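Single-letter residue listing:
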Amino acid sequence: MADFLVGVIVMPLYFTMLIAPQRCFTTVYCTIFHVVAFYLTFVSIYNVTLIAIDRYVAICNPFQYSMKMTLNVTLRIISIVWLSSLIYNMVLLYFNGNIPDLKENITCVECAVHFNEILAIVDCLIIFIVPCLTIIIMYLKIFFIAKNHANKIRCAQKCTKVNNATVTSERKAAKALGVLVAVFLLCLVPFYICAFLAAYISNKAIHIAASNLSTVFFLNSALNPIIYALFYQWFQRCVKLILTYRIFRAGSSDLNVLATK
């Protein structure tokens, strides 16, 4: 949902400012853009992080996973992420001076966020470093656990067919995890490096680079669904059920999208 809203709300507003930089934007317009953009990108980033944690828990505790990760628990976690994002970004933008008095609706303002040194470190830590480290650590653990399981299967069953299947499975898992982490880092690292430098160095080129790299930053939200669609069969089945309207048929809730065949 967050990725969808980034594409529907944030990116049109952003491209409007990018295509027509000479256009006058009001304080209300810029404030709405900043709040919505920061709010939704926070949720999008932590959604990817929670997916990594969820996969790790599912692999480490496959028998207890379905009992612990119930629908109510999932909804609570989602609610906490959305609420935390709202509180964090409102506080961050307010103390950074990006939520001015909307009664003074100035017609021409610069729609840019310039963080001070302390808030730049805080935002970089919470939005970039913590999620990135969590994702990398979780997926590395998942890969090593999967590799360990494959090795045990090889030892238990001396069969060429099984060995080939496990090797193929390993490669597929490694490729999927590698693409997920690589795309996430490629979209976030350049932006946050420039944004962090812009808070400490008063250089016009760095500010322009950070502004332009926002496109890549927002692009991460567009790429997430594509990556999951390419590498996860259950995601492909869900999309197919939605597009073919099969979810409206009787008994659609009983369909097993996680089936291997």
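Residues numbered from 1 in each chain as written. Predicted model: local features only at pLDDT ≥ 70, side-chain atom pairs only at ≥ 80, totals over all residues. Heavy atoms only, no water.

Per an unreviewed UniProt entry, the protein carries the name G-protein coupled receptors family 1 profile domain-containing protein and comes from Anguilla anguilla. Recorded under Sequence similarities (unreviewed entry), the UniProt text for the protein is reproduced unchanged: "Belongs to the G-protein coupled receptor 1 family." Taken directly from UniProt, the Subcellular location (unreviewed entry) text for the protein runs: "Cell membrane". (UniProt positions renumbered as here; feature names shortened; annotations may be inferred.)

Visitor: Sorry if this is basic, but what is going on with the side chain of N89 here?
Guide: Secondary-structure assignment places N89 in helix α4 (residues 71-95). By relative accessible area, N89 is classed as buried at 3%. Polar side-chain contacts of N89 include one of 3.2 Å to the backbone oxygen of F38. N89 has contacts with F38, Y39 and F42, leaving out every residue within four places of it along the chain. (Helix = DSSP H or I, 4+ residues; strand = E, 2+ residues; numbered from the N terminus. Buried < 20%, exposed > 50% of the residue type's maximum accessible area, 1.4 Å probe, protein only. Polar contact = N/O pair within 3.5 Å; in protein donor to acceptor, adjacent residues only side chain to side chain. Contact = heavy atoms within 4.5 Å.)

Visitor: Help me understand the environment of I206 in this model?
Guide: Topologically, I206 is positioned in helix α7 (residues 204-212). For the pair I206 and I193, spaced 13 residues apart in the sequence, the C-alpha separation amounts to 9.7 Å.

Visitor: Explanation requested: the UniProt feature "transmembrane region" (unreviewed entry) in the protein in the structure shown.
Guide: According to UniProt, the "transmembrane region" (unreviewed entry) feature falls on residues 36-53, 73-95, 118-144, 177-201 and 213-235. In residues 118-144, helix accounts for 100% and strand for 0%; the two terminal C-alpha atoms are 37 Å from one another.

Visitor: What is the right way to look at the packing of aromatic side chains in this model?
Guide: To describe a pair of aromatic rings, you give the distance between the ring centres and the angle between the ring planes. Tallying each qualifying case throughout the model produces twelve aromatic pairs. Look at F217 and F218: their rings are 5.7 Å apart centre to centre, the planes differ by 65 degrees, and that puts the pair in the edge-to-face class. The pair formed by F217 and F218 is uniform in burial state, with each residue classed as buried. Here the aromatic cluster, defined as three or more aromatic residues joined through ring pairs, consists of Y14, F15, F33, F128, F191, Y192, F217 and F218. (Phe/Tyr/Trp six-rings, centres within 6.5 Å; stacked < 30°, edge-to-face > 60°.)

Visitor: Could you clarify how one ought to interpret the environment of Y39 in this entry?
Guide: Note on placement: Y39 falls in helix α2 (residues 27-60). For the pair formed by Y39 and M90, sequence separation is 51 residues and the distance between their alpha carbons is 8.3 Å. Apart from residues no more than four positions distant in its own chain, Y39 is found in contact with W82, S85, L86 and N89.

Visitor: Would you take a moment to explain empty space enclosed by the protein for this structure?
Guide: Left-over empty space is what a probe sized like a water molecule reveals as it rolls over the atoms. Here the structure, examined in full by the defined rule, presents one cavity of 30 Å³ or more. Lining of the largest cavity is provided by T41, S44, I45, L188, F217, N220 and S221. Elements that contribute at least two residues to the lining of the largest cavity include exactly α2 and α8 (214-231). For the lining of the largest cavity, the residue count by class is three nonpolar, four polar and no charged. (1 Å grid on protein atoms, 1.4 Å probe; cavity = no way out; pocket = protein on both sides within 12 Å on 5 of 7 lines; lining within 4 Å. Points joined across faces, edges and corners; volume = space filled by probe spheres on them. Nonpolar A, V, L, I, M, F, W, Y, C, P; charged D, E, K, R; others polar.)

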